[in-house]
Amino acid sequence: MIVRNLLTAASVGALLFGLSAAANADNWRYAHEEFEGDVQDVFAVAFKEYVEDNSDHTVQVYRFGELGESDDIMEQTQAGILQFVNQSPGFTGSLIPEAQIFFIPYLLPTDEETVIEFFNTSTAINETFPELYAEQGLELLKMYPEGEMVVTLDEPFTSPDDLRGKNIRTMTNPLLSETYRAFGATPTPLPWGEVYGGLQTNIIQGQENPIFWIESGGLYEVSPNLVFTGHGWFTTAMMANQDFFDGLSEEDQQLVRDATEAAYEHIIEHISGLADESLEAIQEASDEVTVTRLDEEQIQAFRERAPQVEERFVEMTGDRGAELLEQFKDDLEAVTNE
Ligand code: 6CS
């Protein structure tokens, strides 16, 4: 009898424990800007797996188009409808003008190892940016690189003169428009959903993106001339709604931070070699594709137009932008002098 009572008490206890764990188990919604298997998706899935393996919470991942464009998922996150969002600075410029720093051409080096070291160690990335995002109700959890930017055009080009009269699609931030204006082209800001159709119908004659995305979005089919200009990296940012994050227990905040670190480590491995693999796949899929790698002299003609973009950045962002730029450069110098 005593044994039966003890067993009953134990099972009731186990049931109650299970119920209370279930009652504390939340489903977190996380949206990003890309398709299944793309870099932001690999990051989101790694985050989800870590959370689900280490807690009773679940994470629901929404991909491009399921909840709208990049601006829509950011609005939904600020409104608290989504808990997590991955939005690239290319679209965050109107909300946080300083995020446009990534569009000053030739600021970041092309060497992947140095770029990764910069993201790992930079004070600007890991300390200053979280403060700027916090002002917009966002808990910035990670900024990470996705790949070197490559320009695609309706014909190969090697100089700013060749870009004259070309409408080049840019993400919707004013500084990137300045960059393409400085490069001699006509910038055309568009959300992602309009890019393929725009190239197909010749409303735009070119665009820039990392190679994995040129492959996954099929951009090479409608814009087959790839040009490596060495002018920048596609950077992205993953964050949480700040009220949601602040309302989490300390344990759950740590879980989110650990899941983010795990996803970051995974993504750094994932992007290594990805551009080469994607380029191979593109070349296998199409005979039309051309690849041009500008030489130092050709690059110089673009690079010498960078200072005017840097000046515009400072005009747009004032003292805070100037300080951020200085910090950014110091952080870069620290990794390039190593
Ligand atoms: O060009 C764009 O708009 C898209 N490019 C990438 C690499 N990710 C998402 C973004 O929307």
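The model shown is predicted, which means the values in this text are computed figures rather than measured ones.

Colleague: Got a sec to walk through the overall build of the protein chain? Specific residues and values, please.
Modeller: Within the protein chain, the secondary structure is distributed over 15 helices and 10 strands. By its C-alpha atoms, the protein chain is 90 × 45 × 40 Å across when sized along the principal axes. By the burial criterion, 51% of the 338 residues in the protein chain qualify as buried. The contacts in the protein chain between residues at least 6 apart in sequence include a share of 75% that link residues at least 24 apart. Total accessible area on the protein chain is roughly 15,200 Å²; 47% of this is exposed by carbon and sulfur atoms. Distance from the positive charge centre (16 side chains) to the negative charge centre (64 side chains) of the protein chain: 4 Å.

Colleague: Go over the packing of aromatic side chains, please, and point to the residues and values.
Modeller: If you walk through the whole model with that rule in mind, you get 21 aromatic pairs. Ring geometry for phenylalanine 183 and phenylalanine 302: centres 5.1 Å apart, planes at 80°, overall edge-to-face. Of this pair, phenylalanine 183 sits in the loop between helix H7 (174-182) and strand S6 (186-189) while phenylalanine 302 sits in helix H14 (residues 296-303), placing them 119 residues apart in sequence. Of the two residues examined, phenylalanine 183 and phenylalanine 302, each falls in the buried class. Residue placement shows lysine 142 over the ring face of tyrosine 264; its charged tip is 4.4 Å from the ring centre.

Colleague: Account for the site of the ligand, naming residues and giving values.
Modeller: Residues in contact with the ligand, as listed here, are Glu33, Glu34, Phe91, Arg169, Met171, Trp192, Asn209, Pro210, Trp213 and Phe234. Within the contact set of the ligand, an oxygen atom lies 2.7 Å away from a side-chain nitrogen or oxygen of arginine 169. A breakdown of the residues in the shell around the ligand according to their chemical character gives six nonpolar, one polar and three charged.

Colleague: Can you break down helix H2 (residues 39-54) residue by residue, with the values?
Modeller: Relative to the 22 Å expected for 16 residues at 1.5 Å per residue, H2 spans 23 Å between its end C-alpha atoms, a close match to the ideal helical length. Val39, Gln40, Asp41, Val42, Phe43, Ala44, Ala46, Phe47 and Val51 are the residues of H2 that are buried.

Colleague: Tell me about the pattern of salt bridges, residues and numbers included.
Modeller: One pass over the full model with this rule turns up 14 salt bridges. Note that arginine 320 is salt-bridged to glutamate 135, the shortest N-O span being 2.9 Å. Of this pair, arginine 320 sits in helix H15 (residues 306-336) while glutamate 135 sits in the loop between helix H6 (123-134) and strand S4 (138-153), and the two are 185 residues apart along the sequence. Salt-bridge contacts for arginine 312 lead to glutamate 178; the nearest nitrogen and oxygen are separated by 3.5 Å. In this pair, arginine 312 is assigned in helix H15 and glutamate 178 in helix H7, connecting sequence segments 134 residues apart. According to the relative accessible area criterion, arginine 312 is partly exposed, its value standing at 27%.

Colleague: Tell me what's going on with the nonpolar core, and back it up with residues and numbers.
Modeller: Phe47, Phe84, Ile101, Phe129, Tyr133 and Phe328 are the most contacted members of the largest nonpolar core, which has 103 residues in total. Residue contributions to this core peak at nine residues, all from S4. In contact with phenylalanine 328, other than residues within four places in its own chain, are Ile101, Phe102, Leu107, Leu108, Phe118, Ala124 and Ile125.

Colleague: Could you give an account of the pairing of strand S2 (residues 58-62), naming the residues involved and the relevant values?
Modeller: Sheet topology places strand S1 (residues 27-31) next to S2; five bridges connect them, and they run parallel. Looking at S2, one finds that asparagine 27 is bridged to threonine 58. Where the polypeptide runs from S1 across H2 and back to S2, its parallel neighbour, the crossover connection is right-handed.

Colleague: Tell me about the environment of alanine 281, and please be specific about residues and values.
Modeller: Looking at the secondary structure, you find alanine 281 in helix H13 (residues 274-285). Remark: the alpha-carbon pair of alanine 281 and phenylalanine 212, spanning 69 residues in sequence, is separated by 9.5 Å.

Colleague: So what's going on with the side chain of threonine 235? Residues and values would help.
Modeller: Here threonine 235 shows up in strand S9 (residues 233-241). Taking relative accessible area as the criterion, threonine 235 reaches 3% and is therefore assigned buried. Threonine 235 has contacts with Ser88, Pro89, Phe102, Phe119, Tyr144 and Pro145, leaving out every residue within four places of it along the chain.

Colleague: Summarise the confidence of the model for the protein chain; cite the residues concerned and give the values.
Modeller: The predicted model of the protein chain has a mean per-residue pLDDT of 94, with 93% of residues at 70 or higher. Here residues 14-19 is modelled with pLDDT under 50, and outside its nearest four sequence neighbours on either side it reaches zero contacts, counting other chains as well.

Colleague: Residue-level account of the environment of proline 189, with values.
Modeller: Tracing the sequence through the fold places proline 189 in strand S6. What makes proline 189 partly exposed here is its relative accessible area of 43%. Taking the C-alpha atoms as reference points, proline 189 and phenylalanine 118, 71 residues apart in sequence, are found 28 Å from one another.

Thresholds, definitions, all that
- Residues numbered from 1 in each chain as written.
- Predicted model: local features only at pLDDT ≥ 70, side-chain atom pairs only at ≥ 80, totals over all residues.
- Heavy atoms only, no water.
- Helix = DSSP H or I, 4+ residues; strand = E, 2+ residues; numbered from the N terminus.
- Buried < 20%, exposed > 50% of the residue type's maximum accessible area, 1.4 Å probe, protein only.
- Contact = heavy atoms within 4.5 Å.
- Areas by Shrake-Rupley, 256 points an atom, 1.4 Å probe, with all protein chains shown as cover.
- Lys, Arg positive; Asp, Glu negative; His and termini not counted.
- Charge placed at Lys NZ, Arg CZ, Asp CG, Glu CD.
- Phe/Tyr/Trp six-rings, centres within 6.5 Å; stacked < 30°, edge-to-face > 60°.
- Lys NZ or Arg CZ within 6 Å of the ring centre and 35° of its normal.
- Near = heavy atom within 4 Å.
- Polar contact = N/O pair within 3.5 Å; in protein donor to acceptor, adjacent residues only side chain to side chain.
- Nonpolar A, V, L, I, M, F, W, Y, C, P; charged D, E, K, R; others polar.
- Expected span 1.5 Å × (residues − 1).
- Salt bridge = Lys/Arg side-chain N within 4 Å of Asp/Glu carboxyl O.
- Core = buried A, V, L, I, M, F, W, Y, C linked by side-chain atoms within 4.5 Å.
- Pairing = 2+ DSSP bridges.
- Right-handed = clockwise from strand over helix to strand, strands pointing away.
- pLDDT = per-residue confidence, 0-100.

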